[in-house]
Amino acid sequence: MEDRCLQWGLALNEQWDLALGLRYEDWQTDDGFYNGNDARDRSETGTSPKFSLAYTPNDDWSLRYSVAKALRFPIAEELYRNEEASTSIIVANANLKPERGIHHNFSIERHMTDGTIRLNAFYETVEDTIFHQSGTINDGGVNRSITTFLAIDEVQTRGLELAVDKHNLFDQPMFLRFNLSYTDAEITDNNTNPDIEGNDLPRVPHWRSNLILGYAINDHVDISSSFRYSSNSHGDLDNLDNESEVYGAIDDYFFVNAKVNWQLNQNLSLSFGVDNLFDDRAYVAHPWPSRTVFLEGRYSFEQ
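The notes below deal with the structure included here. (Residues numbered from 1 in each chain as written. Predicted model: local features only at pLDDT ≥ 70, side-chain atom pairs only at ≥ 80, totals over all residues. Heavy atoms only, no water.)

**Section: the pairing of strand E16 (residues 268-275)**
Two strands pair when backbone bridges link them, and strand E15 (residues 253-263) and E16 are joined in this way by six bridges, in the antiparallel orientation. When the bridges of E16 are listed, Ala258 appears paired with Val274. Hairpin connection from E15 to E16: four residues lie between these consecutive antiparallel strands. Two elements, E16 and strand E19 (residues 292-299), share eight bridges in a ladder whose sense is antiparallel. For Ser271, the partnering residue across the bridge sits in E19 and is Glu296. (Pairing = 2+ DSSP bridges. Helix = DSSP H or I, 4+ residues; strand = E, 2+ residues; numbered from the N terminus.)

This is how it looks when you write it as structure tokens:
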């Protein structure tokens, strides 16, 4: 695949600026092999335009609206990987179309002393979404995993994200980084199987959040703690997988991590930390790592 990009920006005046972009892609497949047969060669081109307009009324506020078209062409695995073994089957599709999406984003940003607050609202429609799904079938008394690459006719996604970045918190050598997002990804059209229309797109949780708090004890030592949360989601297109804490589930989780950094000198630093401090158990197809202790050393040759 070959691609070329062009971007042009213009400051209309002190408060308004405009950005335009265009991406051109030339995609082709040659000598593909599919399910025991030679696949036809394919050659396609596509363009993805972008428009972005920003308004900055003063030094404290900025607003921006962006809209773009995006393409994602299928990869070799999705097109040609067809395998059958005693315990697994993989079924690809050499006729998959590229994903085509229209993406909108509107952001409001508040600039503060030592930090920013940003709110993003986003909406997108993606046609021919390529979805990789795995399941288990019973074949003559033997359980076999089957993996397929499907095209969903249309998926619509809407959501909000709040992001905060603040230094010198409470007039102390502390920093805070926080983000919270809500996402609703819905299958809105699927002629092959209309029963899944209205379902959530698998593996997209409704809620996600991250919080990092840090404190500089002195010029050489700082400590930090991070908190990660995600609500649960489905793994199957029918949304009937509702079990938790089992292999194949996509659970909600809340993980707490802690870390200490020590800058010994200009070149050498050490870090000690614990991930999943409270040893919480959750699955994302397989279990997330349990409590993990790590020691890290870094030496820089830069002077």
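Resuming the write-up.
**Regarding the environment of Val246**
On the secondary structure map, Val246 appears in the loop between strand E14 (221-230) and E15. For the pair formed by Val246 and Ala285, sequence separation is 39 residues and the distance between their alpha carbons is 7.9 Å. Apart from residues lying up to four places away in sequence, Val246 is in contact with Tyr283 and Ala285. (Contact = heavy atoms within 4.5 Å.)

**A word on the packing of aromatic side chains**
As enumerated under the stated definition, the model contains nine aromatic pairs in all. Judged by centre distance (5.8 Å) and plane angle (70°), the rings of Phe255 and Trp288 are edge-to-face. Of this pair, Phe255 sits in strand E15 while Trp288 is found in the loop between strand E18 (286-287) and E19, placing the two residues 33 residues apart along the sequence. For Phe255, a relative accessible area of 4% gives the class buried. Both rings, one in Tyr299 and one in Phe301, keep their centres 5.1 Å apart while their planes meet at 75°; by these two values the pair is edge-to-face. When its relative accessible area of 49% is taken as the criterion, Tyr299 is described as partly exposed. For Phe301, a relative accessible area of 70% puts it in the exposed group. Put simply, the rings of Tyr253, Phe255 and Trp288 touch in pairs and so form one group of aromatic residues. Across from the ring centre of Trp288, 5.4 Å away, lies the NZ or CZ of Arg228, which sits over that ring. (Phe/Tyr/Trp six-rings, centres within 6.5 Å; stacked < 30°, edge-to-face > 60°. Buried < 20%, exposed > 50% of the residue type's maximum accessible area, 1.4 Å probe, protein only. Lys NZ or Arg CZ within 6 Å of the ring centre and 35° of its normal.)

Read these as geometric descriptors, not functional statements.
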